[in-house]
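# Structural overview for review
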Amino acid sequence: VAKMSCFSFLKTMMFIFNGIIFLGGIAVLGIGIWVKVDGGSFLKILGTAAPQLMQVVNVGYLCMAVGGFLMVMGFLGCCGAIKESRCMLMIFFIIILIIFIAEIAGAVVVLAFSSLSKIFIEYLGNVAGKYLREDYGRNNEMTTVWNATMKEMKCCGFHGYEDFKNSTYYRNNQEFPPICCDYKSPCQESSISPLIKGCLSAFESFLSQNGKIVGGVALGICGLELAAMIVALVLFCQISNK
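The present account deals with the structure reproduced in this document. Quick caveat: nothing in here was measured; it's all calculated off a predicted structure.

### Overview of the overall build of the chain
Looking only at helices and strands, the chain features eight helices and zero strands. Mapped in sequence order, the helices and strands of the chain form the string α-α-α-α-α-α-α-α. Per-residue burial for the chain yields a buried fraction of 31% across its 242 residues. If you sum the accessible surface of the chain, you get close to 14900 Å²; carbon and sulfur atoms cover 69% of it.

### Quick notes on a nonpolar patch on the surface
Together, F9, M13, F15, I16, I20 and I82 make up an exposed nonpolar region whose accessible area comes to about 600 Å². For the nonpolar patch, the element with the most residues is helix α1 (residues 2-37), which contributes five residues. Checked against the element boundaries, I20 lands in helix α1.

### Some remarks on the state of the cysteines
This structure, assessed with the given rule, holds three disulfides. Between the sulfur atoms of C156 and its disulfide partner C180 the distance amounts to 1.8 Å. Between C156 and C180, the S-S torsion sits near 70 degrees, and that sign places the bridge as right-handed. Taken together, the residues C156 in the loop between α6 (140-153) and α7 (168-173) and C180 in the loop between α7 and α8 (199-240) connect sequence positions 24 residues apart. Residues C156 and C180 agree in their burial class; the two are buried. In the chain, the cysteines engaged in disulfides, taken in order along the sequence, are linked 1-6, 2-3, 4-5.

### Quick word on α6
In this model α6 runs 20 Å from its N-terminal to its C-terminal C-alpha over 14 residues, within 8% of the 20 Å that 1.5 Å per residue would give. Buried within α6 are the following residues: T143, T144, W146, A148 and M150.

### Things to note about the environment of M73
Here M73 lies in helix α3 (residues 59-82). With a relative accessible area of 4%, M73 lands in the buried category. M73 sits 22 residues away from I95 along the chain, and the two C-alpha atoms are 8.4 Å apart. With residues near it in sequence (within four places) discarded, M73 still touches N18, F92, I95 and I96.

### Observations concerning the packing of aromatic side chains
Applying the stated criterion across every chain yields a total of four aromatic pairs. Ring centres of Y136 and F164 lie 5.1 Å apart, and the angle between their planes is 65 degrees; on these two criteria the pair is classed as edge-to-face. With Y136 in the loop between α5 (114-134) and α6 and F164 in the loop between α6 and α7, this residue pair connects regions lying 28 residues apart in the sequence.

### Quick notes on the side chain of N18
Tracing the sequence through the fold places N18 in helix α1. Beyond its immediate chain neighbours, meaning those up to four positions away, N18 contacts M73, G74, G77, C78 and F92.

### Here's the deal with the nonpolar core
One finds Y136, W146, M150, F164, F176, C180 and I192 to be the most contacted residues of the largest nonpolar core, which totals 21 residues. Elements with a contribution of two residues or more to this core: α5, α6 and α8. Take this core: its biggest share by element is three residues, from α8. If we ignore the near neighbours within four places in the chain, the residues touching Y136 are Y131, T143, W146, N147, M150, F164, T168, Y169 and P177. Ranked by size, the runner-up nonpolar core spans 20 residues in total, among them F93, A228, V231 and L235.

### Re the environment of I82
Tracing the backbone shows I82 in helix α3. For I82, a relative accessible area of 45% corresponds to the partly exposed category. Apart from residues no more than four positions distant in its own chain, I82 is found in contact with K11 and F15.

### Focus on the pattern of salt bridges
Two side chains bearing opposite charge may form a pair once their charged atoms approach each other closely. This model, assessed by the stated rule, comprises four salt bridges. Ionic pairing is found between D135 and R138, a salt bridge with its closest N-O pair at 3.4 Å. Here D135 falls in the buried class, since its relative accessible area comes to 17%. Residue R138 is classed as exposed on the basis of its relative accessible area, which comes to 55%. A salt bridge links E189 to K165, with the shortest nitrogen-to-oxygen separation between them at 3.1 Å.

Basis of the calculations
Residues numbered from 1 in each chain as written. Predicted model: local features only at pLDDT ≥ 70, side-chain atom pairs only at ≥ 80, totals over all residues. Heavy atoms only, no water. Helix = DSSP H or I, 4+ residues; strand = E, 2+ residues; numbered from the N terminus. Buried < 20%, exposed > 50% of the residue type's maximum accessible area, 1.4 Å probe, protein only. Areas by Shrake-Rupley, 256 points an atom, 1.4 Å probe, with all protein chains shown as cover. Patch = residues over 30% accessible without salt bridge, like charges linked within 9 Å, V, L, I, M, F, W, Y side chains within 5 Å. Salt bridge = Lys/Arg side-chain N within 4 Å of Asp/Glu carboxyl O. Disulfide = S-S within 2.5 Å. Expected span 1.5 Å × (residues − 1). Contact = heavy atoms within 4.5 Å. Phe/Tyr/Trp six-rings, centres within 6.5 Å; stacked < 30°, edge-to-face > 60°. Core = buried A, V, L, I, M, F, W, Y, C linked by side-chain atoms within 4.5 Å.

Here it is as structure tokens:
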């Protein structure tokens, strides 16, 4: 009796947990479809709630992809538990396992191979510098994303204000972006605020100050994934032994 009650409890928890994931996937997918079908209404609402994100309209594809993935995962978990399908439970387990291994591998690479991290950051800096020199002030979506990032992080450029030297923005306006001078105009090199660092430095400072929170969230996600794998595997074994 105890074994059956434990089995029923695991089935119920698996159903509830994945049911929430499935419903969340439907909601995210619905938002993505709405963005692509009726982008005008979405932009009006987005413009009222967050004007700095007005130009970021390609989130529709991302929402549809994430929503579809969540729906598939939720469906596999729910049906696998209710119908006691070993196939669905095993597919669910394998997908979560692959994601879990990828996360662990990424963390190991970052922690153990600092030289690779430096190479990646250097590459990212080169790409960001190219975009800032050529596209900032000309490409609306790129400009909006960078403005929102610099405003939120209180930073200027990737490495610093030097990223905007000889840029399209500087040639057209003969000044640096206002954020670099703490919104003092005109923003010339002599007016650059020493408090405004590059976004890379600002991000590193954010991680050093909030590392425990970020680590806690990451551990929490890994814990949920591990719990989901254990439950799926236990259900799979118990169904196989019936």
